[in-house]
Amino acid sequence: MRVDTIFIEQLVVETVIGIYDWERHIRQRVVIDLDMDFDIRAAAAGDDVEQTLNYKAVGKRVIAFVEAAEFQLVETLAERVAALVLDEFPVQRLSLRVNKPHALRGAAGVGVRITRERGS
Ligand SMILES: Nc1nc2c(c(=O)[nH]1)N=C([C@H](O)[C@@H](O)CO)CN2
């Protein structure tokens, strides 16, 4: 089966995130990658943004949600962002990566990568 992807890469957002006391009082950077299954053929045929998944609309919604969030775990942030995109946009399936850069000394980043489907 052919699957097209609309993606948002390296979306940088500042949020409250972390399990330690000191992390509850600061904002830290997370970097989000989002790969969304979407059949682009109709939009391409009509050259029409109304027939596609508007990545700007998705990105703005994700930024607003993450900026307002105060989760402890990157796992929770990933699950909630995935649920939001599946609920609010015509996406059947997505993969999402949340990277918390420099959270672990010696590592460029740490985090989670998940794949979720609508209704599962
Ligand atoms: N699996 C996880 N492990 C850890 C998390 C997390 O969100 N998921 N968070 C922390 C701390 O907040 C850390 O990022 C602070 O540097 C530790 N382990």
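Residues numbered from 1 in each chain as written. Predicted model: local features only at pLDDT ≥ 70, side-chain atom pairs only at ≥ 80, totals over all residues. Heavy atoms only, no water.

- Under an unreviewed UniProt entry, the name given to the chain is 7,8-dihydroneopterin aldolase, and the source organism is Salinisphaera orenii MK-B5.
- One UniProt comment on the chain, placed under Function (unreviewed entry), says "Catalyzes the conversion of 7,8-dihydroneopterin to 6-hydroxymethyl-7,8-dihydropterin." (UniProt positions renumbered as here; feature names shortened; annotations may be inferred.)

**Considering the overall build of the chain**
Then, number 1: For the chain, the count of helices and strands is three helices and four strands.
Then, number 2: Each helix and strand of the chain, placed in order from N terminus to C terminus, yields the pattern β-β-α-α-α-β-β.
Then, number 3: Each of the 120 residues in the chain was classed as buried or not, and the buried ones make up 38%.
Then, number 4: A separation of at least 24 residues holds for 59% of the contacts in the chain among residues at least 6 apart in sequence.
Then, number 5: Across the chain, the centroid of the 16 positively charged side chains sits 4 Å from that of the 19 negatively charged ones. (Helix = DSSP H or I, 4+ residues; strand = E, 2+ residues; numbered from the N terminus. Buried < 20%, exposed > 50% of the residue type's maximum accessible area, 1.4 Å probe, protein only. Contact = heavy atoms within 4.5 Å. Lys, Arg positive; Asp, Glu negative; His and termini not counted. Charge placed at Lys NZ, Arg CZ, Asp CG, Glu CD.)

**Let's talk about the packing of helix α2 (residues 55-68) against helix α3 (residues 74-88)**
The angle between the axes and the distance between the axes are what describe a pair of packed helices.
Then, number 1: Contact geometry of α2 with α3 gives a least axis separation of 11 Å together with a crossing angle of 140°. It follows that α2 is oblique to α3 by the angle criterion. Judged by the twist between their axes, the crossing of α2 over α3 is right-handed. Within the contact between the two elements, α2 uses Val 58, Arg 61, Val 62, Phe 65 and Val 66 and α3 uses Leu 77, Arg 80, Val 81, Leu 84, Val 85 and Glu 88. (Axes fitted to C-alpha atoms, helices over the stretch in contact; angles between N-to-C directions. Parallel < 35°, antiparallel > 145°, perpendicular 65-115°, else oblique. Left-handed = near helix turned anticlockwise from the far one by under 90°.)

**Let's talk about unusual backbone geometry**
Then, number 1: Phi is positive for Gln 10, which is not a glycine, with a value near 55°.
Then, number 2: Among the structural elements, Gln 10 can be located in strand β1 (residues 5-15).
Then, number 3: Backbone geometry places Asp 47, a non-glycine residue, at a positive phi of 50°.
Then, number 4: Turning to its location among the elements, Asp 47 is positioned in the loop between α1 (41-46) and α2.

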